[in-house]
Amino acid sequence: MDAVHKNSLVYDHMPVDLVIVGHGENEGSILHRRSPPAPVADRQRSEFRLTQKGRLQAKAAGDFIKSEIGPFDFHFCSEYVRTMESAASLELPNACWTTDFYIRERDFGIVGMDKEETDRLYPEEERRRAINDFFFYQAPGAESVANTVVRVDQFLQKIAYRCSGMRVIVVCHPGLTYTFRLLLERTMSPEFEEEWNKRTDTVSTCNILHYSRRDPDTGVIHTHLKWMRSVDPLKVRTPHPWQEIIPTSFTNSELRELADKTPLLVDNSTEEIEDFWRLYQKPTTNSDRVIDMPPAVYIEKNSLEYENMPVDLIIIRHGESEGNLLKLRNGRSRDHIDEGTPRSPTPNTLLADRPSSDYRLTQKGRIQSQHAGNYIKTHVGTVDFHFCSEYLRTLETAAELGLPDACWTTDFFIRSGFRDKTRAPPEGPQDLTGDESIGHACLRVDKFIRKLANRCGGMRVVVVCHHGISYTFRLLLERTMRPEFVAEVKNASNPIGNGYILHYTRRHPETGVIHRHLNWMRSIDPMEQGDLPPWEPIMRPTFSNDQLRQRVELTRQLVDNTPEEVERYVVEHPNSS
């Protein structure tokens, strides 16, 4: 068995060979080069056919695959016409193709039309695209790159479940091949954007990505997809060397170096730091150190909770950032940019031109992070796995924790939610994850939690993430129902502030017995004085029939059938009475 990076959440049980092919040139490509005939211009994007050149490209890809890779056990393609035509044009022997909804093309919404037409009809979109994070920008009616990653991950999970140890080919879309690379090679989003910007038309010529668990030199099968090569089938005489996939991880110092590449634009004043220290003068205590005990089994009758979880899961919200500080000073959203506001180089306008993913920690934020690290070192001890969002403020928080021998892995699924920086904040309570719904944030955080269960069972794990994502963890781990969740969010007396810690454990606080699920938690402000808050048992709700009815009756019914409608229904359906 090969050595896998200690902190890696790579996909397990994958095919031995996974080949991903982008479709050939199609009618849509011609739309960008010359005025097409009206029938093509009016055709839905999903119905674009291959051009003659595209069919030749697909045939060349098929020739390379048949001569250099061999037969496949499973064949998948997008259900768009151009990918189905590309798959058929590969002419693979005995192929049995299955279309899959999750590998469809990314939906570009209004910007999917001709660029000149988009600029004429929607001139504000170019500004929105320029000022928002590339990875999270979402045009009206469109799908962001971030959202695309979630469904491609779902597809990869399916083939891990069904096609482990097999040989699999996937025919999809050129843009989607970059999404596969992001997930399979654990690329960070800045590197993804750089690769995307460097792309040329050759990416549309049935380019082949070949991933393998087989060592190219020894033939030994490893536990993960560990090698890849990129092949242009039209350049078969060019060498296509294998490259080893090395998951990216960082020490504390390397995280600081990443953060320091971005200049700090806003920081606390001397007076603000003095006020901050007057509020917090916390002594260090060892009175609550946990004790390792032998495992036991605890079974819940009706539970669908996460199995095989870490014994200790510590979730930390990043320290105060430049954006948080400006929001406090201004009493308004730090993201909104008023139309017509003079663009003088103030902290507000400088930050407005910076993607929110690049916000740095303030001096106060670094102090909060250091105190959070003191809690972990004193009351948790050695941590086995370290994860953080790839936003600068979480990278910097992770580094400032000062955990010894830390080896940090960034994870895309625990990023902050996207907020459109050109849009004014709505009146009243806002969605915690910005322009991304909490429901969608739950999908990706759930994926992250399941990866933890798969790789980190029985271990100690620390996760550095964001405000809304911390609440999303609570929603999923505590199985909070929506009304209680909304009430928790609105409760200003129990917030998840900057640097706050959510500590979940399977260890009974009094007996030390390890239970089956994460059954206790406590929320900690590491700057607070005095004793630590007590552990609270997690009471996940279940209901009898009568309790469900009582809960329903809390909502007044506004519309119902008339007596005549009910009588007629009973006559027509005698078995319903």
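Predicted model, so just to flag it, every value in this text is computed and none were measured.

Participant: What am I meant to see in the overall build of the chain here?
Facilitator: A tally of regular secondary structure across the chain gives 20 helices and 14 strands. Looking at the chain as a whole, 51% of its 577 residues qualify as buried. Across the chain, contacts joining residues at least 24 apart in sequence account for 76% of those joining residues at least 6 apart. Of the roughly 28,700 Å² of accessible surface on the chain, 51% is carried by carbon and sulfur atoms.

Participant: Looking at this model, I keep getting lost on the sheet that holds strand S14 (residues 536–537). Mind explaining?
Facilitator: The strands making up a sheet associate through hydrogen bonds between their backbones, and the pairing can be parallel or antiparallel. Pairing in this open sheet of 7 strands is mixed, and the strands run S10-S9-S11-S8-S12-S13-S14 from one edge to the other. Single-partner strands in this sheet number two, and they are strand S10 (408–410) and S14. In this structure, strand S9 (residues 385–388) lies alongside strand S11 (residues 460–465), joined through 4 bridges in parallel fashion. Bridged to His386 within S11 is Val462.

Participant: What should I look at first to understand the pairing of S9 in this one?
Facilitator: Each regular strand displays side chains that alternate between the two surfaces of the sheet. Residues Phe385 and Phe387 line one face of S9 and the alternating positions His386 and Cys388 line the opposite face, and both faces are buried. Note that S9 and S10 share 3 bridges and pair parallel. When the sheet's bridge partners are listed, His386 is paired in S10 with Trp408. Traced from S9 through helix H15 (residues 392–400) to S10, the parallel crossover comes out right-handed.

Participant: Help me understand the packing of helix H11 (residues 270–279) against helix H14 (residues 363–379), please; the structure alone is not making it clear to me.
Facilitator: The relative placement of two packed helices comes down to the angle between their axes together with the axis-to-axis distance. As a packed pair, H11 and H14 sit with axes 10 Å apart at the nearest point and diverge in direction by 30°. Classified by the interaxial angle, the pair formed by H11 and H14 is roughly parallel. Side by side, H11 and H14 meet where Ile273, Phe276 and Trp277 of the first sit next to Gln363, Lys364, Ile367, Gln368 and His371 of the second. Looking at the contact of H11 with H14, its residues break down into 4 nonpolar, 3 polar and 1 charged.

Participant: Quick question: what am I supposed to make of the confidence of the model for the chain here?
Facilitator: Close inspection of predicted coordinates is inappropriate in any region flagged by low pLDDT. On average, residues of the chain carry a pLDDT of 81, and 78% of them reach 70 or more. Between residues 332–344, whose pLDDT stays under 50, and residues either more than four places distant or in other chains, the model counts 29 contacts.

Participant: Help me understand helix H17 (residues 467–477) in this model?
Facilitator: Count 3.6 residues to each turn of an α-helix, and residues three or four apart come out pointing the same way. Across the 11 residues of H17, 10 count as buried, placing the element largely inside the fold. Every buried residue of H17 is listed here: Gly468, Ile469, Ser470, Tyr471, Thr472, Phe473, Arg474, Leu475, Leu476 and Leu477.

Participant: Hey, could you run me through a nonpolar patch on the surface in this one?
Facilitator: The grouping of Val566, Tyr569 and Val570 at the surface amounts to a nonpolar patch, some 250 Å² of accessible area in total. Within the secondary structure layout, Val566 lies in helix H20 (residues 563–572).

Participant: Which parts of the structure should I look at to understand the sheet that holds strand S1 (residues 17–22)?
Facilitator: Pairing within the open sheet is mixed, and its 7 strands lie in the order S3-S2-S4-S1-S5-S6-S7. Unpaired on one side and paired on the other, strand S3 (97–99) and strand S7 (243–244) mark the two borders of the sheet. In this sheet, S7 lies alongside strand S6 (residues 227–231) in antiparallel orientation, the contact comprising 2 bridges. Residue pairing for S7: Met228 is matched across the bridge by Gln243. Strands in contact with helix H3 (residues 52–68) are S1, strand S4 (167–172), strand S5 (208–212) and S6; relative to S5, the strand with the most contacts, it is inclined by about 25°.

Participant: Can you walk me through the environment of Asp405 in this structure?
Facilitator: Here Asp405 is to be found in the loop between H15 and S10. You can call Asp405 exposed: its relative accessible area is 78%.

Participant: In this structure, what is going on with the pattern of salt bridges? I would like to understand it.
Facilitator: Side-chain pairing between opposite charges can occur once the charged atoms of the two side chains come close. A complete count under the given rule lists 29 salt bridges for this structure. Ionic pairing is found between Asp63 and Lys66, a salt bridge with its closest N-O pair at 3.9 Å. Of this pair, Asp63 and Lys66 both sit in helix H3, separated by 3 residues, roughly a single helical turn. Where Asp100 meets Lys158, a salt bridge forms, and the shortest distance between an N and an O atom there is 2.8 Å. With Asp100 in the loop between S3 and helix H5 (115–121) and Lys158 in helix H7 (residues 145–162), this residue pair connects regions lying 58 residues apart in the sequence. One network of salt bridges, in which partners are shared, links Asp260, Asp267, Arg360, Arg366 and Glu396.

Participant: Before we go on, may I ask you to explain the packing of H7 against helix H16 (residues 438–455) in this structure?
Facilitator: One can describe the packing of H7 onto H16 by two numbers: an axis separation of 11 Å at closest approach and a directional angle of 45°. Between H7 and H16, the interaxial angle falls into the category oblique. Judged by the sense of rotation from one axis to the other, the crossing of H7 with H16 is left-handed. In contact with Asn147, Val150, Asp153 and Gln154 of H7, H16 contributes His440, Arg444 and Lys447. Residues of the contact of H7 with H16, tallied by class, amount to 1 nonpolar, 3 polar and 3 charged.

Reading the values: the criteria
Residues numbered from 1 in each chain as written. Predicted model: local features only at pLDDT ≥ 70, side-chain atom pairs only at ≥ 80, totals over all residues. Heavy atoms only, no water. Helix = DSSP H or I, 4+ residues; strand = E, 2+ residues; numbered from the N terminus. Buried < 20%, exposed > 50% of the residue type's maximum accessible area, 1.4 Å probe, protein only. Contact = heavy atoms within 4.5 Å. Areas by Shrake-Rupley, 256 points an atom, 1.4 Å probe, with all protein chains shown as cover. Pairing = 2+ DSSP bridges. Right-handed = clockwise from strand over helix to strand, strands pointing away. Axes fitted to C-alpha atoms, helices over the stretch in contact; angles between N-to-C directions. Parallel < 35°, antiparallel > 145°, perpendicular 65-115°, else oblique. Nonpolar A, V, L, I, M, F, W, Y, C, P; charged D, E, K, R; others polar. pLDDT = per-residue confidence, 0-100. Patch = residues over 30% accessible without salt bridge, like charges linked within 9 Å, V, L, I, M, F, W, Y side chains within 5 Å. Salt bridge = Lys/Arg side-chain N within 4 Å of Asp/Glu carboxyl O. Left-handed = near helix turned anticlockwise from the far one by under 90°.

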